[in-house]
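# Remarks on the overall topology
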Amino acid sequence: PEDAADAYVSADLSLSLHSFQCPTCLNPRDYDIIMAGGCLLADWVEDFDRGFFVPNSEVALFRSEEEAVETARDLLDDPDRREAMKSAARERLLREHTMQHRVERILEALNSPDSSTSSDN
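To keep things clear, this report deals only with the structure shown in the data block.

Parameters and conventions
As a convention, each chain's residues are numbered from 1 in the sequence order in which they are written. Reporting in this predicted model follows two pLDDT cut-offs: at least 70 for local features of residues, and 80 or more for side-chain atom pairs to be given and counted; totals over whole chains, interfaces and linings ignore these cut-offs and use all residues. Side-chain metrics rest on all non-hydrogen atoms present in the structure, leaving aside hydrogens and water. Whether two strands pair depends on DSSP finding at least two bridges between them. Numbering of helices and strands runs from the N terminus, with a helix taken as a DSSP run of H or I at least four residues long and a strand as a DSSP run of E at least two residues long. Here an angle of 0 to 180 degrees is reported between the N-to-C directions of two axes, which are lines fitted to C-alpha atoms, with helices fitted over the stretch in contact. The criterion used for residue contact is that any of the two residues' heavy atoms lie within 4.5 Å. Each Phe, Tyr or Trp ring (for Trp, its six-membered ring) is paired with any other whose centre lies within 6.5 Å, and the angle between the two planes then decides the class: stacked below 30 degrees, edge-to-face above 60, tilted in between. Here's how the labels work: a residue is buried when its accessible area is under 20% of the maximum for its type, exposed when over 50%, partly exposed in between, all with a 1.4 Å probe on protein chains only. In this scheme, Lys NZ or Arg CZ marks a charge over a ring once it lies within 6 Å of the ring centre and within 35 degrees of the ring normal. An angle counts as roughly parallel when it lies under 35 degrees, as roughly antiparallel when it exceeds 145, as roughly perpendicular when it falls between 65 and 115, and as oblique in every other case. For any helix crossing, the convention is left-handed if the near helix is rotated counterclockwise from the far helix by under a right angle, and right-handed if that rotation is clockwise. Ten residue types, Ala, Val, Leu, Ile, Met, Phe, Trp, Tyr, Cys and Pro, are classed as nonpolar, four, Asp, Glu, Lys and Arg, as charged, and the remainder, Gly among them, as polar. We define a nonpolar core as any set of buried Ala, Val, Leu, Ile, Met, Phe, Trp, Tyr and Cys residues linked to one another through side-chain atoms lying within 4.5 Å.

### Let's talk about the sheet that holds strand β2 (residues 40-43)
The strand order β1-β2-β3 describes an open sheet built from three strands, whose pairing is parallel. Two strands in the sheet have a free side with no partner beyond their single neighbour: β1 (14-16) and β3 (60-62). Strand-to-strand twist of the sheet, defined as the mean angle between neighbouring strand axes without regard to direction, takes the value 25°. Note that β1 and β2 share three bridges and pair parallel. Note that in β2 the partner of Leu-15 across the bridge is Leu-41. Strands in contact with helix α2 (residues 28-36) are β1 and β2; relative to β1, the strand with the most contacts, it is inclined by about 165°.

### Here we look at the packing of aromatic side chains
What characterises a pair of aromatic rings is the spacing of the ring centres plus the angle enclosed by the ring planes. Overall, the coordinates contain one aromatic pair when judged by the stated rule. Ring centres 5.6 Å apart and planes at 55° place the aromatic pair Tyr-31 and Phe-53 in the tilted group. Separated by 22 residues along the polypeptide, Tyr-31 in helix α2 and Phe-53 in the loop between β2 and β3 bring together distant segments of the chain. Judged by relative accessible area, which is 18%, Tyr-31 ranks as buried. Residue Phe-53 is classed as buried on the basis of its relative accessible area of 2%. The positively charged end of Arg-63 is found above the aromatic ring belonging to Trp-44, 4.1 Å away from the centroid.

### Section: the packing of α2 against helix α4 (residues 79-96)
The geometry of α2 relative to α4 is characterised by a closest axis approach of 8 Å and an angle of 110° between their N-to-C directions. As judged from the angle between their axes, α2 and α4 are roughly perpendicular. For α2 against α4, the interelement crossing comes out left-handed. Judged by residue contacts, Tyr-31, Ile-34 and Met-35 of α2 engage Ala-89, Arg-90, Leu-93 and Leu-94 from α4. For the contact of α2 with α4, a count of residues per class yields six nonpolar, no polar and one charged.

### Topic: the nonpolar core
In this structure, Leu-26, Ile-34, Leu-40, Phe-48, Phe-53 and Val-59 are the most contacted members of the largest nonpolar core, which totals 14 residues. Of all the elements in the fold, those that place two or more residues in this core are α2, β2 and α4. No other element matches the three residues that α2 contributes to this core. Each residue touching Leu-40, except ones within four places of it in the same chain, is listed here: Ser-14, Ser-16, Asp-30, Ile-33, Ile-34, Phe-48, Val-59 and Ala-60. Counting residues in hydrophobic clusters, the runner-up holds nine residues, among them Leu-13, Ala-60, Phe-62 and Ala-68.

See the structure below:
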């Protein structure tokens, strides 16, 4: 674990598979790869459609083994595109997805007039 960031940033691509852990959501590895400065290649999950990152601009996604191979080959052949994706993804992460952002959203939700103090929630 202590060498993970070095591995992510030194690799041309870092693979994150969600289907075995949570077939609908992103996992911490996605954010770790991006924060370390790596290029994320991941299987598509529903959370990617929720706008957390822009597919093919910030992260590389695939829906089949064939598409994974094709996407990986394309990215490995295009270091400029990989660098652009890494930079765009990291900028997005720092702009919208830090722990500070999460805490602020939680506090906003807790303090919103719509939140209820009922024990039913």
